[in-house]
Amino acid sequence: MGKYRFIFKKDMNSVQTLLCVKRVKQEASEEWDESMPLPGDIIEGFSETNDADEFFVPAKAKSELRTQLGKINQQVETIWLKIRRGDSVVKLRVRVVQERGSMLQRKYTIRAARDDRHVAILGDLTFEQCTELQEMSRKVVNVDCRGFSKKGVKYDWKMKVATYLPDQRSPVVSSILFPPLQGEYSLEATTGRCMSWFSAAVSSGVPLVFVNIQTEQILISERTNFTGRELTWGRQQNHAATMQIVQGIRLWFLPGVAEVLLEMTPEPGEARFGMDIKRTEEGFICVYSVARGSAADRAGMRHLYEEANAIGYLLVISRLEGKSVMPSGGSCEGLLHCCDHNELGETLISAIDQTEGIQLHIMVWPSQTRPAITPATAATLLPPISTHPQPPL
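Please read these numbers as outputs of a predicted model, since none were measured by experiment. Sequence order as written defines the numbering, with residues in each chain counted from 1. For this predicted model, a pLDDT threshold of at least 70 governs which residues receive local features, and a threshold of 80 or more governs which side-chain atom pairs are given and counted, while totals over whole chains, interfaces and linings are taken from all residues. Hydrogens and water molecules were not included; the side-chain quantities draw on all heavy atoms of the structure.

Student: Any chance you could explain the overall build of the protein here in plain terms?
Tutor: Secondary structure elements follow DSSP: runs of H or I no shorter than four residues count as helices, runs of E no shorter than two count as strands, and numbering proceeds from the N terminus. On a plain count of helices and strands, the protein comes out with seven helices and 20 strands. Here the term buried applies to any residue with accessible area under 20% of the maximum for its type, exposed to any over 50%, and partly exposed to those in between, with areas from a 1.4 Å probe on protein chains only. Across the 393 residues that make up the protein, the buried fraction comes to 45%. Every residue pair with non-hydrogen atoms within 4.5 Å of one another is taken to be in contact. In the protein, the proportion of contacts linking residues at least 24 apart, taken out of those at least 6 apart, comes to 69%. Each accessible area value is a Shrake-Rupley result obtained with a 1.4 Å probe; residue values ignore everything except the protein chains displayed when judging cover. Of the accessible surface of the protein, which amounts to about 22400 Å², a share of 52% is contributed by carbon and sulfur atoms.

Student: Just checking my understanding: could you explain the pattern of salt bridges for this structure?
Tutor: It is possible for side chains bearing opposite charge to pair when their charged atoms get close. By definition, a salt bridge exists where a carboxyl oxygen of Asp or Glu is found within 4 Å of a side-chain nitrogen of Lys or Arg. Scanning all chains against the criterion turns up 18 salt bridges. Between Glu-259 and Arg-319 there is a salt bridge, and its shortest N-O distance comes to 3.1 Å. Of the two residues, Glu-259 is situated in strand 12 (residues 258-264) and Arg-319 in strand 15 (residues 315-320); the sequence distance between them amounts to 60 residues. The pair formed by Glu-259 and Arg-319 is uniform in burial state, with each residue classed as buried. Salt-bridge contacts for Asp-297 lead to Arg-302; the nearest nitrogen and oxygen are separated by 3.2 Å. Judged by its relative accessible area of 17%, Asp-297 falls in the buried class. Taken together, the salt bridges that share partners define one network made up of Arg-292, Asp-297, Arg-302 and Glu-306.

Student: Where do I start with helix 1 (residues 62-72) in this structure?
Tutor: Because an α-helix completes one turn every 3.6 residues, residues spaced three or four positions apart along the sequence face the same direction. Leu-65, Arg-66, Gln-68, Leu-69 and Ile-72 are the residues of helix 1 that are buried. Axial view of helix 1: buried residues confined to an arc of 165 degrees, hence all on one face. Arc definition: it is the arc formed by the directions from the helix axis to the C-beta atoms.

Student: Just checking my understanding: could you explain the nonpolar core for this structure?
Tutor: Generally speaking, a soluble globular protein has its nonpolar side chains buried in company with each other. Met-264, Met-275, Val-287, Met-301, Ile-317 and Leu-360 are the most contacted members of the largest nonpolar core, which totals 29 residues. Those elements that provide at least two residues to this core are strand 12, strand 13 (275-279), strand 14 (285-290), helix 5 (295-298), helix 6 (301-310), strand 15, helix 7 (341-353) and strand 19 (358-364). When near neighbours in sequence (up to four residues on either side) are disregarded, Leu-360 contacts Val-260, Leu-261, Leu-262, Met-264, Met-275, Met-301, Ile-317, Arg-319 and Leu-320. Throughout, nonpolar core names a set of buried Ala, Val, Leu, Ile, Met, Phe, Trp, Tyr and Cys residues whose side chains join them through atoms within 4.5 Å.

Student: What exactly am I supposed to notice about the environment of Leu-18 here?
Tutor: By secondary structure assignment, the location of Leu-18 is in strand 2 (residues 16-24). Spatially, the C-alpha atoms of Leu-18 and Leu-125 are 5.3 Å apart, while their sequence positions differ by 107 residues.

Below, the structure written as structure tokens:
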């Protein structure tokens, strides 16, 4: 690192900034690789040839580099860019291109030599901002991966999914993402809210099984409210000036130790399936009554409801027609993002009107029995118990 150095620019407020790739216009982030300019790359200089370092022209700021690129635009097709990623200095072969929308005053930038879509948007950012962007880029392209070379092997996905995932529309494991509240700057506070939601749900009788908890970087816009969905880089390319990176908390959980699939089939003349549902405070959909002799009763739901009710548990629906009805996230305003209760009702009414059966999944507690009517439709969620003897401790 001795002969390389960061070139800083000071603005009017004496905040030190670096010339950096602020974002890229290519939406297909899965096609990024380390040979391309990536968000967070700190630009140290450029050269028309990949020769000795003394031929590289230092780049101090965005405006200066744009001017230099404009001067050589008609002379060369490609240039070499010297950038810093973490502790490494990398030389990239790139092309000089004119920025779109800059007809009155021509401005120039760079794009990947092998991908016309991969155009870099430059900016003068602080070292901390560059570091955050580099970390996100590293996760996308996994440039830190070092190991044996990889070889593709065949895998019978269709057979495995059919065998080990009885309902092929159900991914089994679920998650919920909590962004920080407005004005909430402590990661511990966000984590505390996340775990209080989980504890409150379990205490109310929802059979959740904890799997994992992790921090997750989220891009949010200062112009619009966070919707509860993680925003992708490519989709926000026209709003980079308003984007902010925050740390959220994602909680992974299983919907009980098993999901029992029930199929309710109405008989001619029946006007409803015979179950009443409501939403809990934590956003889950639970059954609070089942009519005798109804389609729900014939499917085995009343048996599960009475058993759960006898021990103070809730009978919670996890999926309707394969679609999750569980809460998916929170918002910066403190709201929970849940499925539309009216839309659930309309789905059930539509099936009744057309005299069609409908499938739903029920979360099951460890001690609950399963109705004999559906012995082969439960996807067990517990890890397998090893039959091999354990070594002595």
